[in-house]
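Architecture at a glance
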Amino acid sequence: MTTTPRQRRKDARPQELLEAALALFVEKGFAATRSEEVAARAGVAKGTLYRYYPSKDELFKAMVRDNLSVHIAESAAQAAQYEGPIAELLRQMMQAWWAKVGQGNAGVVCKIMMVEARNFPELARFYVDEVITPSQNLIGGLIERGIRAGEFRAVPVEATVHMLIAPMLHMMLHEHSFGEFDLCQHTMSATDLLDAQMSLLLHGLLASPRRT
């Protein structure tokens, strides 16, 4: 059965609505954006928007799932099948997350949530359950695998997870705040900075291990 242009247009509409909402959230912020503005930006009636997303909160949740949750699930599937050194997997994962999440729309969604979370506690809880907790569990699980295999020493897992994630969040905030105007001149690329982060985390600053 062939798909008609009208059907193709209907199938594309949810994504068009998400893209319109993201653009407006970036321009005006989540709180200041009205649902009718999203509908107008997407070129549809407000009733059409509500047919797919009953509220602005549901629209934002769909945006989180579309831009972030899917990448976390992909990384979890990759980690489940991986059999090599955990250090190499962590390095690959951080670089992949920057390429898929940090630079694109997903990074914008992260920034919006960090700005708006205080005023929207129900959305903040959703974000914690959908993004933060699964991400921390994934990375923490990999560190624990490395410890069990003897690849890593017995480090505090929770603290190490935060050390891995924090630079990525910092780079995302910079990319989607100052980065657009190129106000801060950097001599290193984001990928080089992530490599330096992983090297410091895995090997530390000391030239040689201390003897006790």
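Just above sits the structure.
Now for a look at the structure at hand. (Residues numbered from 1 in each chain as written. Predicted model: local features only at pLDDT ≥ 70, side-chain atom pairs only at ≥ 80, totals over all residues. Heavy atoms only, no water.)

**A closer look at the side chain of S75**
- If you trace the backbone, S75 turns up in helix α4 (residues 56-81).
- According to the relative accessible area criterion, S75 is buried, its value standing at 7%.
- Not counting the four nearest positions on each side in its chain, S75 is found in contact with M93, W97 and L138. (Helix = DSSP H or I, 4+ residues; strand = E, 2+ residues; numbered from the N terminus. Buried < 20%, exposed > 50% of the residue type's maximum accessible area, 1.4 Å probe, protein only. Contact = heavy atoms within 4.5 Å.)

**Regarding the layout of surface pockets**
- The computed volume of the largest pocket comes to approximately 480 Å³.
- Along its surface, the largest pocket is lined by 24 residues, and Y127, V131, I132, I165 and L169 are the ones closest to its centre.
- Those elements that provide at least two residues to the lining of the largest pocket are α4, α5 (86-102), α6 (105-116), α7 (121-148) and α8 (157-175).
- No other element matches the 8 residues that α7 contributes to the lining of the largest pocket.
- Of the residues assigned to the lining of the largest pocket, the class counts are 20 nonpolar, 4 polar and no charged. (1 Å grid on protein atoms, 1.4 Å probe; cavity = no way out; pocket = protein on both sides within 12 Å on 5 of 7 lines; lining within 4 Å. Points joined across faces, edges and corners; volume = space filled by probe spheres on them. Nonpolar A, V, L, I, M, F, W, Y, C, P; charged D, E, K, R; others polar.)

**Looking at a nonpolar patch on the surface**
- Judged by side-chain polarity, M114, L169 and L173 come together as a nonpolar surface patch covering roughly 220 Å² of accessible area.
- Residue placement: L169 occurs in helix α8. (Patch = residues over 30% accessible without salt bridge, like charges linked within 9 Å, V, L, I, M, F, W, Y side chains within 5 Å. Areas by Shrake-Rupley, 256 points an atom, 1.4 Å probe, with all protein chains shown as cover. Salt bridge = Lys/Arg side-chain N within 4 Å of Asp/Glu carboxyl O.)

**Section: the nonpolar core**
- One finds F25, L59, F60, V64, L68, L90 and I139 to be the most contacted residues of the largest nonpolar core, which totals 58 residues.
- Going through the elements one at a time, α1 (5-28), α2 (35-42), α4, α5, α6, α7, α8 and α9 (190-203) are the ones with two or more residues in this core.
- With near-sequence residues (within four places) excluded, F25 lies in contact with F30, T33, K56, L59, F60, M63 and I112. (Core = buried A, V, L, I, M, F, W, Y, C linked by side-chain atoms within 4.5 Å.)

**Concerning α8**
- The terminal C-alpha atoms of α8 lie 28 Å apart, and with 19 residues this matches the ideal 27 Å at 1.5 Å per residue to within 8%.
- Of all the bends in α8, the greatest, near 25°, is centred on I165, and the proline P167 appears no more than four residues after it.
- Those residues of α8 that fall on the buried side of the exposure criterion are V157, T160, V161, L164, I165, M168, M171, M172 and H174.
- Check the buried side of α8 and you find it contacts α5, α6, α7 and α9. (Expected span 1.5 Å × (residues − 1). Bend = angle between axes of the 7 residues up to and from the residue.)

**Some words on the pattern of salt bridges**
- Taken as a whole, this structure holds 9 salt bridges when the rule is applied.
- The salt bridge involving K61 is made with E122; its shortest N-O contact spans 3.0 Å. Residue K61 is located in helix α4, and its partner E122 is located in helix α7; the two are separated by 61 residues in the primary sequence.
- Residue E74 pairs with K100 through a salt bridge whose shortest N-O separation is 3.4 Å. Of the two residues, E74 is situated in helix α4 and K100 in helix α5; the sequence distance between them amounts to 26 residues.
- When its relative accessible area of 39% is taken as the criterion, E74 is described as partly exposed.
- Each of the salt bridges in this network shares a partner with another, and the network as a whole consists of K28, R34, E36 and E37.

**Concerning the packing of α5 against α9**
- Where α5 meets α9, the closest approach of the two axes is 10 Å, and the angle between their N-to-C directions is 150°. Regarding the angle of α5 to α9, the classification is roughly antiparallel. Crossing of α5 over α9 shows right-handed handedness. Of α9, the residues touching α5 (which contributes A87, L90, R91, M94, Q95 and W98) are A190, T191, L194, D195, Q197, M198 and L202. (Axes fitted to C-alpha atoms, helices over the stretch in contact; angles between N-to-C directions. Parallel < 35°, antiparallel > 145°, perpendicular 65-115°, else oblique. Left-handed = near helix turned anticlockwise from the far one by under 90°.)

**Here we look at the packing of aromatic side chains**
- Under the defined criterion, the tally for this structure stands at 4 aromatic pairs.
- Geometrically, the ring pair formed by F30 and F60 is edge-to-face, given 5.4 Å between the ring centres and 65° between the ring planes. Placement of F30 in the loop between α1 and α2 and of F60 in helix α4 is noted, with a sequence separation of 30 residues between them. Both residues of the pair, F30 and F60, count as buried.
- On the basis of an interplanar angle of 90° and a centroid distance of 4.9 Å, the ring pair of F30 and F120 is categorised as edge-to-face. A residue pair is termed long-range when its members are at least 10 positions apart, and F30 in the loop between α1 and α2 and F120 in the loop between α6 and α7 qualify at 90 residues.
- The class of F30 is buried, set by a relative accessible area of 1%.
- With a relative accessible area of 21%, F120 lands in the partly exposed category. (Phe/Tyr/Trp six-rings, centres within 6.5 Å; stacked < 30°, edge-to-face > 60°.)

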